[in-house]
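Spelled out from the first residue to the last, the chains are:
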Amino acid sequence: NAPAGPQAFEDLTTQIRKYKKLGSTVVLGDFNAWLGQARNAEERDNMGPFGDRSHKRNRNGKLLTTLLETCEMKSLNGFSQPTDEDVTENFWFTRYDPVNQSRTMIDYILVDSGVQVDEFGVDYTDLGSDHHLVWSVLRSTRLAWRRRGRRRRKRYRSEKFLSGPNQTDTEA
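All chains use their own residue numbering, which begins from 1 and follows the written sequence. A pLDDT threshold of at least 70 governs which residues receive local features in this predicted model, and a stricter bar of 80 or more applies before side-chain atom pairs are shown or counted, although totals over entire chains, interfaces and linings include all residues. Side-chain figures throughout are based on the complete set of non-hydrogen atoms in the structure, without hydrogens or water.

Draft legend 1. Broad picture of the pairing of strand β5 (residues 107-112). For every residue, the accessible area obtained with a 1.4 Å probe (protein chains only) is divided by the maximum for its type, and the residue is called buried under 20%, exposed over 50%, and partly exposed between those limits. Numbering of helices and strands runs from the N terminus, with a helix taken as a DSSP run of H or I at least four residues long and a strand as a DSSP run of E at least two residues long. Counting buried positions over the 6 residues of β5 gives 6, a clear majority of the element. Of the two faces of β5, both are covered, the one formed by Asp107, Ile109 and Val111 as well as the one formed by Tyr108, Leu110 and Asp112. By the bridge criterion, 5 bridges tie strand β1 (residues 26-30) to β5 in an arrangement that is antiparallel. Looking across to β5, one finds that aspartate 30 is bridged to aspartate 107. By the convention used here, strands pair only if DSSP detects at least 2 bridges between them.

Put into structure tokens, the structure is as follows:
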């Protein structure tokens, strides 16, 4: 597989802008991006104060930082620290390289301002991969118009997302 480059991030930016017009947007993935520490207040707003201090920002990290700013998204990874006694790092690492014995953060959950974050974490259970499962509990309230012009609130449940894109939503 060829590494993701500027064109892949431009395409993703286009898709995020398209879906943001429809409502709250969440993007998950392995970006192979080292963001490092936030360098200014704007980056802290997008990346949080708890970045990976052990790695400098790489090319994909620069592209992801630009995407966060351009699309007004934030990466959840840097907004909290692990509390497990087993985790010796002060940041959530999402990949462990057994050859170099290095821990890096390259898998991310990106959200827009319409998403409320209740919890975030990384499950360090051995899944037979060098990556770890990134998880979050999210809530999004989207307003929909009724025929008479009044608004109603809808709550989206993850079970509906798991069962496929053509399922109807459950009303709160």
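Draft legend 2. Geometry of the side chain of asparagine 77. If you trace the backbone, asparagine 77 turns up in the loop between β2 (73-75) and β3 (95-97). The buried category is assigned to asparagine 77, whose relative accessible area is 0%. In protein, a polar contact requires one atom able to donate a hydrogen and another able to accept it; more generally it is a pair of N or O atoms within 3.5 Å, and residues adjacent in sequence count only if both atoms are side-chain atoms. Of note is the side chain of asparagine 77, whose polar atom sits 3.3 Å from the backbone nitrogen of isoleucine 109. Aside from chain neighbours lying at most four places away, what touches asparagine 77 is Phe50, Trp92, Thr94, Met105, Asp107, Tyr108, Ile109 and Phe120. Contacts are assigned to residue pairs with any non-hydrogen atoms lying within 4.5 Å of each other.

Draft legend 3. Representation of the nonpolar core. Residues enter a nonpolar core if they are buried and are Ala, Val, Leu, Ile, Met, Phe, Trp, Tyr or Cys, with the set joined through side-chain atoms within 4.5 Å. In terms of nonpolar packing, the biggest core is built from 19 residues, with Phe31, Leu64, Leu67, Met73, Tyr108 and Leu110 touching the most fellow members. Counting only elements with at least two residues in this core, the list comes to α1 (6-20), α3 (59-71) and β5. Ranked by the residues each element gives to this core, the list is headed by α3, at 5 residues. If we skip the residues at most four places from it in the chain, methionine 73 touches Ile16, Lys20, Thr25, Val27, Asn46, Leu68, Leu110, Val111 and Asp112. Membership of the second largest hydrophobic core comes to 8 residues, among which are Ile109, Val115, Phe120 and Val122.

Draft legend 4. Representation of the sheet that holds β5 in the model. Sheet architecture is open: 3 strands sit in the order β1-β5-β2, paired in antiparallel fashion. Looking at the sheet topology across the chains shown, the edges are occupied by β1 and β2. Strand-to-strand twist across the sheet, computed as the mean angle between neighbouring axes with direction ignored, equals 25°. Orientation is described by lines fitted to C-alpha atoms, with helices fitted over the stretch in contact, and by angles between N-to-C directions that extend from 0 to 180 degrees.

Draft legend 5. The arrangement of unusual backbone geometry in detail. Of note in the backbone geometry, asparagine 32 takes a positive phi value of approximately 50° without being a glycine. Here asparagine 32 is to be found in the loop between β1 and α2 (41-47). You can call asparagine 32 partly exposed: its relative accessible area is 42%. Phi is positive for glutamine 101, which is not a glycine, with a value near 50°. By the secondary structure assignment, glutamine 101 is in the loop between β3 and β4 (102-104).

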